[in-house]
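Each chain, letter by letter, is given below.
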Amino acid sequence: RSGMGDPIMPAEARPGDFVNISWKSGNGHSVVFLGYDRDAEGKLRFSFFSSQKSTNGLADHTVSADTIQDVKFVRLTHPERLFTFPLDVPVVDVKGDPL
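What counts, and where the lines are drawn
Each chain has its residues counted from 1, running along the sequence as written. With the structure being a predicted model, the display of local features is reserved for residues of pLDDT at least 70 and the display and counting of side-chain atom pairs for 80 or more, all residues being used for whole-chain, interface and lining totals. For side-chain calculations, the full set of non-hydrogen atoms in the structure is used, while hydrogens and water are omitted. Only DSSP runs of H or I covering at least 4 residues are called helices, and only runs of E covering at least 2 are called strands; the numbering of each starts at the N terminus. Partly exposed describes any residue whose relative accessible area lies between the buried limit of under 20% and the exposed limit of over 50%, with all areas from a 1.4 Å probe on protein chains only and scaled to the type maximum. Exposure was quantified through the Shrake-Rupley algorithm and a 1.4 Å probe, taking into account, for residues, occlusion by the shown protein chains and nothing else. Here Asp and Glu are counted as negative and Lys and Arg as positive; His is not counted, and neither are the chain ends. A charged residue contributes its charge at one atom only: NZ of Lys, CZ of Arg, CG of Asp or CD of Glu. Only Phe, Tyr and Trp rings take part, Trp by its six-membered ring, and two of them pair if their centres are within 6.5 Å. Stacked means planes under 30 degrees apart, edge-to-face means over 60, and tilted covers everything else. Any two strands are treated as partners once DSSP identifies two or more bridges connecting them. Each axis is a line fitted through C-alpha atoms, taken for helices only over the stretch in contact, and angles between the N-to-C directions span 0 to 180 degrees. By definition here, a salt bridge exists when the distance from a side-chain nitrogen of Lys or Arg to a carboxyl oxygen of Asp or Glu is within 4 Å. Among the buried residues, those of types Ala, Val, Leu, Ile, Met, Phe, Trp, Tyr and Cys that are joined through side-chain atoms within 4.5 Å form a nonpolar core. We call two residues contacting when some pair of their heavy atoms lies within 4.5 Å.

Trainee: What should I look at first to understand the overall build of the protein chain in this one?
Mentor: Helices and strands together make up the secondary structure of the protein chain, namely zero helices and six strands. When the helices and strands of the protein chain are placed in sequence order, the string is β-β-β-β-β-β. Projected onto its principal axes, the C-alpha positions of the protein chain cover 50 × 30 × 25 Å. Expressed as a percentage of its 99 residues, the buried residues of the protein chain come to 21%. Accessible surface, the protein chain as shown: approximately 7,100 Å² in total, 55% of it carbon and sulfur. Put simply, the protein chain has 11 plus and 13 minus side-chain charges, and the middle of one group is 2 Å from the middle of the other.

Have a look at this one:
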């Protein structure tokens, strides 16, 4: 919508990229990506920085990738476009319905 970033594949993600997480619980969250790693059993984990109730404010958080339904990564590539997008254009979902 703003043209400030470009979508990237999860395998291309670097710390500092923005991520929209869709949880298997049905909730969602927007975060800043920190990295991937594996736990002692070899299961993939996902680390991010965010503000949420479970972190009691701003904090790093690591979750099992098994709890994530889907992700959308975006890398900031045009920060100069901040506040240059039209504010009077309504935001819509993928079906075109207003949010």
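Trainee: Would you mind going over the packing of aromatic side chains with me for this structure?
Mentor: The description of an aromatic ring pair uses the distance of the two centres, along with the angle that the planes make with each other. Under the counting rule described, the total for this entry stands at seven aromatic pairs. An aromatic cluster is present here, built from W23, F33, Y36, F46, F48 and F73 joined pairwise through their rings.

Trainee: Can you help me understand the sheet that holds strand β1 (residues 5-8) in this one?
Mentor: The strands that make up a sheet are held in pairs by hydrogen bonds between backbone atoms, and each pair lies either parallel or antiparallel. Reading across from one edge, β1-β6-β2-β3-β4-β5 is the order of the six strands in this open sheet, with antiparallel pairing throughout. A strand with exactly one partner marks an edge of an open sheet, and here the two such strands are β1 and β5 (57-64). Each neighbouring strand pair of the sheet contributes to a mean axis angle of 40 degrees, computed without reference to strand direction. Judged from the eight bridges that link them, strand β4 (residues 44-52) and β5 form a sheet pairing that is antiparallel. Looking across to β5, one finds that S47 is bridged to T62.

Trainee: When you look at the environment of S2 in this model, what are you seeing that I'm missing?
Mentor: You can see S2 is positioned in the segment before β1. Note: C-alpha distance between S2 and S30 (28 residues apart in sequence) is 16 Å.

Trainee: In this structure, what is going on with the pattern of salt bridges? I would like to understand it.
Mentor: It is possible for side chains bearing opposite charge to pair when their charged atoms get close. What the rule picks out here adds up to two salt bridges. Note that D17 is salt-bridged to R75, the shortest N-O span being 2.8 Å. Taken together, the residues D17 in the loop between β1 and β2 (18-23) and R75 in strand β6 (residues 68-76) connect sequence positions 58 residues apart. Note on D17: relative accessible area 4%, which makes it buried.

Trainee: I keep staring at the nonpolar core and nothing clicks. Help me out?
Mentor: Nonpolar side chains in soluble globular proteins generally cluster together in the buried interior. Membership of the largest hydrophobic core is limited to 12 residues, which are I8, A13, V19, I21, W23, V31, F33, F46, F48, V63, I68 and F73. Every element with two or more residues in this core is listed here: β2, β3 (28-38), β4 and β6. Broken down by element, the residue count for this core peaks at three residues, all from β2. When residues no more than four places from it in sequence are discounted, the contact partners of I68 are I21, S22, W23, K24, F46 and V63.

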